[in-house]
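Listed here are the chains, written in short residue letters.
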2 protein chains.
Amino acid sequence: MRKSYLLTPGPTPIPPQVSQEEAKPIIHHLTPQFQAVIKEVSEGLKYVFQTASDVYILASSGTGAMEAAVVNLLSPGDTVITVEAGKFGERWTEICQAYCVTAEVIKVEWGKAVDPKEIEKRIKNNPKIKAVFTTLCETSTGVTNDIQAIGTVVKGTGAVLVVDAISGLGAIDLKTDAWSVDVCVSGSQKGLMLPPGLSFISLSPKAWELVELARSPRYYFDMRAAKKALEKTDTPYTPAISLIIALAESLKMMKQDGLENVFARHRKMADATRCAMKDLGLELFAPTAASDVVTAVKVPAGIDGEKLVKTMRDTYRVTIAGGQAELKGKVFRFAHMGYIEEFDIIVGISCLEKVLKQMGYKFELGAGVKAAEEVFFK
Amino acid sequence: MRKSYLLTPGPTPIPPQVSQEEAKPIIHHLTPQFQAVIKEVSEGLKYVFQTASDVYILASSGTGAMEAAVVNLLSPGDTVITVEAGKFGERWTEICQAYCVTAEVIKVEWGKAVDPKEIEKRIKNNPKIKAVFTTLCETSTGVTNDIQAIGTVVKGTGAVLVVDAISGLGAIDLKTDAWSVDVCVSGSQKGLMLPPGLSFISLSPKAWELVELARSPRYYFDMRAAKKALEKTDTPYTPAISLIIALAESLKMMKQDGLENVFARHRKMADATRCAMKDLGLELFAPTAASDVVTAVKVPAGIDGEKLVKTMRDTYRVTIAGGQAELKGKVFRFAHMGYIEEFDIIVGISCLEKVLKQMGYKFELGAGVKAAEEVFFK
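Residues numbered from 1 in each chain as written. Chains lettered and ligands numbered in written order. Predicted model: local features only at pLDDT ≥ 70, side-chain atom pairs only at ≥ 80, totals over all residues.

> Any details on the overall build of chain A? Residues and values, ideally.
For chain A, the helix and strand inventory stands at 13 helices and 14 strands. At 21 Å, chain A has a C-alpha radius of gyration in line with the 21 Å of a compact globule built from 378 residues. A separation of at least 24 residues holds for 72% of the contacts in chain A among residues at least 6 apart in sequence. (Helix = DSSP H or I, 4+ residues; strand = E, 2+ residues; numbered from the N terminus. Rg over C-alpha atoms; globule rule 2.2 N^0.38 Å. Contact = placed C-beta atoms within 7 Å.)

Next up, the structure:
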């Protein structure tokens, strides 16, 4: 009898009712039955994206939607700003470079959020900047960028604001329209509580103007084809039917809870996790701008960070994430995103305490769980 | 109490044991557990593709793998041959054009297979041809091209042979290595008995030489990144975990049956379907080179083809496919692919008879089912 817990920043656990929808006998996509599903999820996605624009569903990982943003907005030789505050910000730069778009990189120290003033300055210095690419939550460092403030500085300029909200959308607040986010991309396996395999992209009217002008080659990710298809409640290529049917269920759950309550739950879980880490004597990797979807924690001196994560997973079946790239072995990342609630957090902290104690780290057993309980009790 | 039957050329029905795998609690992809799945499906895919080369799994529709073939083999300004014997052959031309690759189109009358000698002649006339793009089974017309013969004419030349085997792989024979197919692309929702959302691509050593030289821009579909990742039993971006876990199950089923038996089953079902149509007085759209995965049938005079398909689906819940593009309303397509066996065929024909009779078409009720039973009885 083995019970497993998943506390990683994607994939996140799937609610059983969502899995059940995914496993239902498949239907054909060119039927009124499936068109009804497309209509339903289109409305649901607008609600979660907080936008009046259409949200397109792609059959791809989140990276596919990121590529869609680049190739549909830009032409070879264009110049953009990319914000690199972690591994996923770097991906924007890589995609731009692959398509011969010049990226002016704003390098941010890992663990910090980007300063919106830096973006403002760069746009002022170079009026040719066509787009600003940034990240809602840098999963690799556990930092949330201030998208609202970035939106304010980009809004009045000729540039469009593109946000990778793969990690965070549907878990923390992102007001696409109100914050002037022109292009918002996301993925299925995070706040939306689905398996990976779907990605999403919304485009503002300002972004659509660029789509018509962009000369980057594109076919599978051509948003003009997606737009034409959606007008007929269709997709340009065979959609990932079972995942979209599951999406209808997860969106229904989110609507029933209400976005504000979903965000409040994430805030509280993040608070509890951070308090627990503090009372265990552990240091947060990103004490300022700490994300409410994943908490990155410094591995204490004398402890093998990779072994900590492996033992939690392989011996106790509680899966958290280790550090990525330059943070490998130096941090562990404890996620509290999606279909996760307070008692999952308690389990995760309890397991962390158990393994830390076994590995010889000094602290009072129960201190982390107590701190979390106190937050949840309020 | 409503029972549904799906006899379309993709998606095809999902075996319940495959759906159950898909619905299991999700696991993280960067774990030994999921690496074991990648290893298992890699072996299984080689078996089904009949190749010793690695087969890469992409999170996309089949069209994504088609795009991967084009952008990884070619550079802007290159010249290739595309075989257009239906809607899906045309897609090769469209993708090439999107990436500034010149396509010498071989137009084949819809309902006919391409003549391999025509390909041979074209390559001889233009030694700059870098690749030949063709289709195993043209789902839109119900025709199978003779890939073995095409392989023989392309083999000795400087060009690579690329086959869209999205429709047909794992249902009819395609010996990737033995027939000198350099690049074989496929999708999950046909012979592999899965929901749509995964695509596959195999590359021969001859194809890999082009990959290193190709200058088409690419990122999400960059096979160099996929290769690097697979060497570490990984994927470059988050894989469609639940679909890949389901794939392990469907590949296991195919291995247990044995490919030869799978092909024989499809052959017999196709035979039965064709005999039934004949005895119903209906005419096949593609009497020569008729595919064993889908049978295209001319709508008889005086019958509304679109209404026929709609009535079968909406009144009796037996879903077959109508005609696409120029064949809209002129043919219906009765698929016998994937998780389908003789009694599904009987149901489909029985329903077809019922609706044809209701619509005033003259024939002896039961004649189609009788013809099919006779084939299955042998």
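> How would you summarise the environment of B:Lys330 if you had to cite specific residues and measurements?
Residues and elements named next belong to chain B. Examined against the element boundaries, Lys330 turns out to sit in the loop between strand E13 (321-322) and strand E14 (331-335). For the pair Lys330 and Ala301, spaced 29 residues apart in sequence, the C-alpha separation works out to 9.5 Å. Residue contacts for Lys330: discarding those within four places in its chain leaves Lys298, Val299, Gly305 and Gly323.

> A description of the interface of chain B and chain A should follow, citing residues and the corresponding values.
Residue-level contacts link 44 residues of chain B with 44 residues of chain A. Secondary-structure elements contributing two or more residues to the side of chain B that touches chain A are helix H1 (16-22), helix H3 (62-73), helix H4 (87-98) and helix H9 (241-257) of chain B. The residue inventory of the side of chain B that touches chain A, partitioned by class, reads 22 nonpolar, 17 polar and 5 charged. (Nonpolar A, V, L, I, M, F, W, Y, C, P; charged D, E, K, R; others polar.)

> Tell me what's going on with helix H10 (residues 259-279) of chain B, and back it up with residues and numbers.
Residues and elements named next belong to chain B. In a regular helix each residue adds 1.5 Å, so 21 residues correspond to 30 Å; H10 covers 30 Å between its end C-alpha atoms and thus fits that length. Among the residues of H10, Val262, His266, Met269, Ala270, Asp271, Ala272, Thr273, Arg274, Ala276 and Met277 are the ones counted as buried. On the buried face of H10, the contacting elements are H9, strand E11 (294-298), E14, helix H12 (342-358) and helix H13 (367-377). Directly after H10, the chain includes Gly281, whose backbone phi takes a positive value near 80 degrees. (Expected span 1.5 Å × (residues − 1). Buried ≥ 20, exposed ≤ 12 C-beta atoms within 10 Å, placed from the backbone.)

> Explain the sheet that holds strand E10 (residues 198-203) of chain B to me, and be specific about the residues and the numbers.
All names here are of chain B. Spatial ordering of the open sheet is given by E2-E10-E9-E8-E5-E3-E4, a layout of 7 strands whose pairing is mixed. Strand pairing shows two members of the sheet lacking a second neighbour, strand E2 (55-59) and strand E4 (102-107), which therefore form its edges. In this sheet, adjacent strand axes meet at a mean angle of 20 degrees when their direction is disregarded. As paired elements, strand E3 (residues 79-84) and strand E5 (residues 129-135) share 3 bridges and run parallel to each other. Among the inter-strand pairings, Thr82 is bridged to a residue of E5, identified as Phe133. Lying on the sheet, helix H2 (residues 32-49) is in contact with E2, strand E9 (183-187) and E10; it crosses E2 at an angle near 110 degrees. Contacts from H4 reach E3, E4, E5 and strand E8 (160-164) within the one sheet, and its direction differs from that of E3 by about 155 degrees. (Pairing = 2+ DSSP bridges. Axes fitted to C-alpha atoms, helices over the stretch in contact; angles between N-to-C directions.)

> Tell me about the pairing of E5(B), and please be specific about residues and values.
All names here are of chain B. For E5, the buried fraction is high: 6 of the 7 residues fall into the buried class. In terms of strand pairing, E5 meets E8 through 5 bridges, oriented parallel. Across the sheet, residue Thr134 finds its bridge partner in E8, namely Val163.

> I'd like to hear about the packing of H3(B) against H4(B), residue by residue, with values.
All names here are of chain B. Remark: H3 packs on H4, axes separated minimally by 10 Å, with the N-to-C direction vectors making an angle of 50 degrees. With respect to H4, the axis of H3 lies oblique. Judged by the sense of rotation from one axis to the other, the crossing of H3 with H4 is right-handed. Between H3 and H4, the residues in contact are Thr63, Met66, Glu67 and Val70 and Arg91, Trp92, Ile95 and Cys96, respectively. In terms of residue class, the contact of H3 with H4 is made up of 5 nonpolar, 1 polar and 2 charged. (Parallel < 35°, antiparallel > 145°, perpendicular 65-115°, else oblique. Left-handed = near helix turned anticlockwise from the far one by under 90°.)

> So, the sheet that holds strand E13 (residues 321-322) of chain A: which residues are in play, and what are the values?
All names here are of chain A. Read across the open sheet, the 3 strands follow the order E11-E14-E13; overall the sheet is antiparallel. On the outer flanks of this sheet lie strand E11 (294-298) and E13, each paired with one strand and no other. In this structure, E11 lies alongside strand E14 (residues 331-335), joined through 5 bridges in antiparallel fashion. Each bridged residue has a counterpart across the sheet, and for Thr295 the counterpart in E14 is Phe334.

> How would you sum up the domain arrangement of chain A? Please name residues and give values.
All names here are of chain A. The domain boundaries assigned to chain A delineate domain 1 (5-10 + 258-377) and domain 2 (16-256). Each of domain 1 and domain 2 was reduced to a C-alpha centroid, and the two centroids are 28 Å apart. Opposite the 24 residues of domain 1 that make contact, domain 2 presents 24 residues. Counting residues per element, the side of domain 1 that touches domain 2 draws most heavily on helix H10 (residues 259-279), at 4 residues. (Domains from an automatic or database assignment.)

> Kindly report on the relation of the copies chain B and chain A, identifying the contributing residues and their values.
Structural alignment of chain B on chain A gives an RMSD of 0.0 Å, achieved by rotating through 180 degrees and translating 0.0 Å along the axis. On the angle and the small slide along the axis, the relation comes out as a two-fold axis. When each C-alpha of chain B is compared by its distance to the rotation axis, B:Ser60 comes out closest, at 2.4 Å. Interface residue correspondence from chain B to chain A reaches 100%, placing this contact among same-surface, isologous pairings. (Least-squares fit on C-alpha atoms with pLDDT ≥ 70 in both.)

> Lay out helix H2 (residues 32-49) of chain A in plain terms, naming residues and giving numbers.
All names here are of chain A. With 18 residues, H2 extends 25 Å from end C-alpha to end C-alpha; this agrees with the ideal 26 Å at 1.5 Å per step. Residues Phe34, Ile38, Val41, Gly44, Leu45, Val48 and Phe49 constitute the buried set of H2. Mapping the buried residues of H2 onto a view down its axis gives an arc of 140 degrees, with all of them on the same face. For H2, the exposed residues lying more than 90 degrees away from the buried face are Pro32, Ala36, Lys39 and Glu43. Summarising the contacts, the buried residues of H2 are in contact with strand E2 (55-59), strand E9 (183-187), strand E10 (198-203), helix H9 (241-257) and H10. Phi turns positive, to about 55 degrees, at Gln50, one or two residues after H2. (Arc of directions from axis to C-beta.)

> Describe the environment of A:Asp271, listing the residues and the values that go with them.
When you line up the elements, A:Asp271 lands in helix H10. Considering only alpha carbons, one finds A:Asp271 and A:Thr295, 24 residues apart in sequence, at a separation of 9.6 Å.

> For the confidence of the model for chain A, give the residues involved together with the corresponding values.
Averaged over every residue, the pLDDT of chain A is 97; residues scoring 70 or more account for 100%. What the predictor reports for the complex is a pTM of 0.97 with an ipTM of 0.97. (pLDDT = per-residue confidence, 0-100.)

> Let's hear about the packing of H2(B) against H9(B): which residues, and what values?
Residue and element names in this part refer to chain B. Relative orientation of the contacting elements H2 and H9 amounts to 45 degrees, with a least axis distance of 9 Å. Here H2 lies oblique to H9, going by the angle between them. Here H2 and H9 pass one another in a crossing that is left-handed. Contacts between H2 and H9 involve Phe34, Val37, Glu40, Val41, Gly44, Leu45, Tyr47 and Val48 on the former and, on the latter, Ile241, Ile244, Ile245, Leu247, Ala248, Leu251, Met254 and Lys255. The class makeup of the residues in the contact of H2 with H9 is 13 nonpolar, 1 polar and 2 charged.

> I'd like a description of unusual backbone geometry, backed by residues and values.
Among all residues except glycine, the phi angle is most often negative; among peptide bonds, the trans geometry is most common. Residue and element names in this part refer to chain A. At the junction of Gly10 and Pro11, the peptide bond is cis and its omega measures out at 0 degrees in the coordinates. Tracing the backbone shows Pro11 in the loop between strand E1 (5-6) and helix H1 (16-22). One non-glycine residue, Thr233, adopts positive backbone phi at about 50 degrees. Among the secondary structure elements, Thr233 is positioned in the loop between helix H8 (223-231) and H9.

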